[in-house]
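Below, each chain spelled out in residue letters.
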Amino acid sequence: MKIGVIGLGARIANLASDFKKAAPEAEFTAVADPSDARVAILEDLGSTPTRYDTAAEMLAGHKFDMLMIGSPNHMHLDHIKLALQSDVPFIFTEKPVVISVEESITLAHEIARHNGMQRLMVGLVLRYSPLYRALRQAQADGQIGEIMSIEASEHIAPYHGSFFMRDWRRHSAMSGSFMLEKCCHDIDLYQGVVGARPSQIASFGGRKKYLPEHRPADDVDYMTVAPSRNNGINSFVPRWGGSNDAFSGEGDLIDYQTALVEYENGANLCFHTNLNVPDQFRRFAVIGRDGMAEGDFIRNTFKVTLSDTSQTVVEDAGIGSGSETGHYGADAAMAQDVVSYVKGDMPSLPLSVKDALEAGITALAMDQAREERRVVDLSEIWAEFDAALGGKHAA
């Protein structure tokens, strides 16, 4: 299996070993990246990739079984379009797929033109996590029933919030927004559980922590101090376009936000994210007509309780071994499934590029609702999106 990489960012570099384990015969034959900073990681996996400055040069010089796209978010559309227009049969791109509703529609047209639904795969990795699979199994076993409402959160510790405020992601023109960049995983998960797209969204939020007037005392250094279980702040040093000051006030990311979503089937979601949670958690309460499922990705717990009898039918203080790394064990599971799909051993993946784009549009609508201070109706967006995916091209 010959793999080419467009944008050898930290995420693709981290996933490379999982893909190599899933496909020992895999070879990273070429990289398109203006920097050679991470090429040694692929060399350590037994590959000798040729480096190119541009993706077009790389595609002109090689034949690949799969492309992996890990460039910054605002470059994704151009790189995905280039890949779809090539003869590469399978394309894996990191999330978020693109950074605006307009780009989502543009890409939907390209997907329709170039068989993208079968070729394009997206790294919304939490769909592969043991906890999410346990949640979906509880649904399949009839323990939850029709979804009524969901309360969910993704909260990160100050050391991680500091990283976002120092990294290139602090500029929404590059990242799309915090809700899109960081929370599209969670938004995708719960849309998968509900089984419907949003119809209306309201949202509120802002920035209260990462501002010059709230710079921490001299004895608190967010560049070097973090909870030991998180391996220290050095693992989150910003990359190109980075800043050394999380409290400069630069950039336009929020540091807290809530959103209320009504889905097309009447279910609703209350979602909360915050970049300043010292004892971080990432949890959900999925409440159905027949039961309730509660889980926490970080604390690795899962519980299902039936509504009519209050009987606890599942109570697991450890999904998997509890020692899994890489998104709670999801990285390795995703690599295995993607390889199986590419080889023809799996007919489909747990999510499609359509799912990923719908989650992205939801995140973007949350930010639109927050910025415009109004309820956003998505009906016209979905109509345009569906028309584009259906091959009805704009003039």
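Residues numbered from 1 in each chain as written. Predicted model: local features only at pLDDT ≥ 70, side-chain atom pairs only at ≥ 80, totals over all residues. Heavy atoms only, no water.

Some points on empty space enclosed by the protein
Counted by the stated rule, this structure contains one cavity of 30 Å³ or more. Taken as a whole, the largest cavity holds about 30 Å³ of empty space. Lining the largest cavity are Lys 95, Pro 96, Val 97, Val 122, Leu 124, Leu 180, Cys 184, Ala 356 and Gly 360. For the lining of the largest cavity, the secondary structure elements donating two or more residues are α10 (178–194) and α12 (353–372). (1 Å grid on protein atoms, 1.4 Å probe; cavity = no way out; pocket = protein on both sides within 12 Å on 5 of 7 lines; lining within 4 Å. Points joined across faces, edges and corners; volume = space filled by probe spheres on them. Helix = DSSP H or I, 4+ residues; strand = E, 2+ residues; numbered from the N terminus.)

Let's talk about the nonpolar core
Grouped together as the largest cluster of nonpolar side chains are 121 residues, with contacts concentrated most on Met 66, Phe 92, Phe 302 and Val 338. Look past the residues within four positions of Phe 302 in its chain and what remains in contact with it is Leu 131, Ala 134, Leu 135, Ala 138, Phe 284, Ala 293, Glu 294, Gly 295, Val 314, Glu 315, Asp 316 and Ile 319. (Core = buried A, V, L, I, M, F, W, Y, C linked by side-chain atoms within 4.5 Å. Buried < 20%, exposed > 50% of the residue type's maximum accessible area, 1.4 Å probe, protein only. Contact = heavy atoms within 4.5 Å.)

Here we look at the pairing of strand β9 (residues 256–263)
Of the two faces of β9, the one holding Gln 257, Ala 259, Val 261 and Tyr 263 is buried and the one holding Tyr 256, Thr 258, Leu 260 and Glu 262 is not buried anywhere. Summarising the sheet, strand β8 (residues 198–206) and β9 pair through eight bridges and their orientation is antiparallel. In the strand pairing of β9, Gly 205 is matched with Gln 257. Relative to strand β10 (residues 268–274), β9 runs antiparallel, the two sharing seven bridges. Residue pairing across strands places Val 261 opposite Leu 269, the latter belonging to β10. What sits between the antiparallel neighbours β9 and β10 is a turn of four residues, in which Gly 266 has the positive phi angle 95°. (Pairing = 2+ DSSP bridges.)

What to know about the packing of helix α1 (residues 10–22) against helix α11 (residues 330–342)
Two elements in contact, α1 and α11, have axes separated by 8 Å at closest approach and are oriented at 60°. Comparing the axis directions of α1 and α11 gives the class oblique. For the crossing formed where α1 meets α11, the hand is right-handed. For the pair α1 and α11, the contacting residues are Arg 11, Leu 15, Asp 18, Phe 19 and Ala 22 in the first and Asp 331, Ala 332, Met 334, Ala 335, Gln 336, Val 338 and Val 339 in the second. (Axes fitted to C-alpha atoms, helices over the stretch in contact; angles between N-to-C directions. Parallel < 35°, antiparallel > 145°, perpendicular 65-115°, else oblique. Left-handed = near helix turned anticlockwise from the far one by under 90°.)

Digging into the packing of aromatic side chains
Inspection of every chain in the model, using the stated rule, returns nine aromatic pairs. Summarising the aromatic geometry, the rings of Phe 19 and Phe 92 are spaced 5.7 Å apart at their centres and angled 65° between planes, so their arrangement reads as edge-to-face. Linking Phe 19 in helix α1 with Phe 92 in strand β5 (residues 90–93), this pair joins segments that are 73 residues apart in sequence. Taken as a pair, Phe 19 and Phe 92 share a single burial class, namely buried. Here the aromatic rings of Phe 297 and Tyr 328 are separated by 5.5 Å at their centres, their planes lie at 35°, and the arrangement is tilted. In this pair, Phe 297 sits in the loop between β12 (291–296) and β13 (301–306) while Tyr 328 sits in the loop between β14 (312–316) and α11, placing the two residues 31 residues apart along the sequence. (Phe/Tyr/Trp six-rings, centres within 6.5 Å; stacked < 30°, edge-to-face > 60°.)

Examining the sheet that holds β14
In spatial order, the strands read β14-β13-β12-β11-β7-β10-β9-β8-β15; together these nine strands make up an open sheet with mixed pairing. Looking at the sheet topology across the chains shown, the edges are occupied by β14 and β15 (376–377). Pairing analysis gives six bridges linking β12 to β13, with the strands arranged antiparallel. Counterpart to Ala 293 in the pairing with β13 is Val 304. Packed on one face of the sheet, helix α7 (residues 130–140) meets β7 (147–155), β11 (283–288), β12 and β13 and runs near 10° to β13.

As for the layout of surface pockets
In this structure, the second largest pocket encloses a volume near 280 Å³. Taken together, 17 residues make up the lining of the second largest pocket; nearest its centre are Glu 151, Ser 153, Arg 283, Phe 284 and Ala 285. Counting residues per element, the ones that place at least two in the lining of the second largest pocket are β7, β10, β11, β12 and β13. With four residues, the single largest contributor to the lining of the second largest pocket is β7. Partitioned by chemical class, the residues of the lining of the second largest pocket number six nonpolar, five polar and six charged. (Nonpolar A, V, L, I, M, F, W, Y, C, P; charged D, E, K, R; others polar.)

Section: the packing of helix α5 (residues 101–113) against helix α13 (residues 379–389)
Following both chains from N to C, one finds α5 and α13 inclined at 25°, their axes separated by 7 Å at the closest point. With respect to their mutual orientation, α5 and α13 come out roughly parallel. In this structure, α5 contributes Val 101, Ser 104, Ile 105, Ala 108, His 109, Ile 111 and Ala 112 to the contact, and α13 contributes Ile 381, Glu 384, Phe 385, Ala 388 and Leu 389. For the contact of α5 with α13, a count of residues per class yields nine nonpolar, two polar and one charged.

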